[in-house]
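# Results of the structural survey
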Amino acid sequence: MDTLTESAAATASTPAAASPAAALRKLYFLRFAFAAAWAALLLTTAGTLTTLTAVLLVAYPLFDVGCAVADLRSARPEGRPVRGLYVNAVLSTLTAVGLAVAATSGIPAVLRVWGAWAITAGLVQLAVGVARRGLGGQWAMIASGGISTLAGASFVAQAGGADASLSALAGYAFLGGVFFLVSALRLGRTGGAAKG
């Protein structure tokens, strides 16, 4: 479900932090919108592995890389930890390459690559959330990381079955988007200056 990156409580404490909170809020809304649109498009092609499906599959982790870069830009001036963002960007880049190759081998190969990504990214997200739990507002990150890890394992298991399908990836992406929406709304509620 990708790496959520910030605690609302940490960004809302001073007026100077309003700009990074507003930037994160916009980024989270964008991530939700992208995940919802991507999931809807994938559902229309999930039965077969077409060129459009392969493009959609590769586009998702590449979008995640772009979001990590945007998040890095807002995190650095505030001195927030960025190691998890770098790890996420590397994992997502490797996943995009892996999915491009896997798409030539069929749906089971795609599910294995996506599953490995969901597991590793989920573990990173879970670790970051646990490390930041003292900051508050980390329940969505922790829950999303745990769900991502479990979902990844289910994708790998599904790849070995006779009914391997890409439709579960759409649900996974949409649920990840919902966690970003929850975080965006929380940032707006707790960061009074971030609302504008």
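Sequence order as written defines residue numbering, which begins from 1 separately in each chain. Thresholds applied to this predicted model are a pLDDT of at least 70 for local features of residues and 80 or more for the giving and counting of side-chain atom pairs; totals over whole chains, interfaces and linings are not thresholded and use all residues. To get the side-chain values, all heavy atoms of the structure are used, and hydrogens and water are removed first.

## Concerning the overall build of the chain
Each helix and strand counted, the chain has seven helices and zero strands in total. Beginning at the N terminus, the succession of helices and strands in the chain can be written as α-α-α-α-α-α-α. Throughout, exposure labels follow a simple rule: accessible area from a 1.4 Å probe, protein chains only, divided by the maximum for the residue type, with under 20% read as buried, over 50% as exposed, and the rest as partly exposed. Every one of the 196 residues in the chain was classed for burial, and the buried ones make up 49%. Long-range contacts, defined as pairs at least 24 residues apart, comprise 75% of the intrachain contacts of the chain with a sequence gap of at least 6. Note on areas: Shrake-Rupley with a 1.4 Å probe; residue coverage comes only from the protein chains shown. Of the roughly 8,500 Å² of accessible surface on the chain, a fraction of 70% belongs to carbon and sulfur atoms. Where helices and strands are cited, they refer to DSSP runs of H or I of at least four residues and of E of at least two residues respectively, numbered from the N terminus. In what follows, residue pairs with any heavy atoms lying within 4.5 Å of each other are defined as contacts.

## What to know about the confidence of the model for the chain
Averaged over all residues, the pLDDT of the chain is 82; the fraction at 70 or higher stands at 78%. Values of pLDDT, which run from 0 to 100, indicate the predictor's confidence residue by residue. Here helix α1 (residues 8-11) stands out as the element of the chain with the lowest mean pLDDT, 40, in contrast to helix α4 (residues 83-102), whose mean of 93 is the highest. Between residues 4-18, whose pLDDT stays under 50, and residues either more than four places distant or in other chains, the model counts 40 contacts. For the stretch residues 192-196, pLDDT sits under 50, and the model shows nine contacts to residues farther than four places along the chain or on other chains.

## Things to note about the side chain of Thr95
With respect to the helices and strands, Thr95 occurs in helix α4. Sequence-distant contacts of Thr95, defined by excluding residues within four places in its chain, comprise Pro61, Val113 and Trp117.

## Considering the packing of α4 against helix α5 (residues 107-131)
In this description, a line fitted to the C-alpha atoms serves as the axis of each element, helices being fitted only across the stretch in contact, and the angle between N-to-C directions of two axes falls anywhere from 0 to 180 degrees. The contact between α4 and α5 brings their axes to 9 Å, and the two run at 175°. In this view, α4 runs roughly antiparallel relative to α5, as classed from their interaxial angle. Where α4 abuts α5, its residues Gly84, Val87, Leu91, Ser92, Thr95, Gly98, Leu99 and Ala102 lie against Ala109, Val110, Val113, Trp114, Trp117, Thr120, Ala121, Val124 and Val128. The residue makeup of the contact of α4 with α5, split by class, is twelve nonpolar, five polar and no charged. Relative orientations are named as follows: roughly parallel for angles under 35 degrees, roughly antiparallel for angles over 145 degrees, roughly perpendicular for angles from 65 to 115 degrees, and oblique for any other angle. Polar here means any residue other than Ala, Val, Leu, Ile, Met, Phe, Trp, Tyr, Cys and Pro, which are nonpolar, and Asp, Glu, Lys and Arg, which are charged; Gly is therefore polar.

## Thoughts on the nonpolar core
Buried Ala, Val, Leu, Ile, Met, Phe, Trp, Tyr and Cys residues form a nonpolar core when they are joined through side-chain atoms within 4.5 Å. Among the nonpolar cores identified, the biggest contains 35 residues, and Trp38, Leu57, Val110, Leu111, Trp114, Leu166 and Leu169 are the most heavily contacted of them. Within the residue set of this core, elements represented by two or more residues are α2 (18-45), α3 (51-78), α4, α5, α6 (139-159) and α7 (167-190). Element by element, the count of residues in this core is highest for α5, at ten residues. The contacts of Leu111, once residues within four sequence positions are left out, are Phe155, Val156, Gln158, Ala159, Ala164, Ser165, Leu166 and Leu169. If you look at the next biggest cluster of nonpolar residues, it comprises eight residues, including Ala21, Leu24, Leu27 and Ala184.

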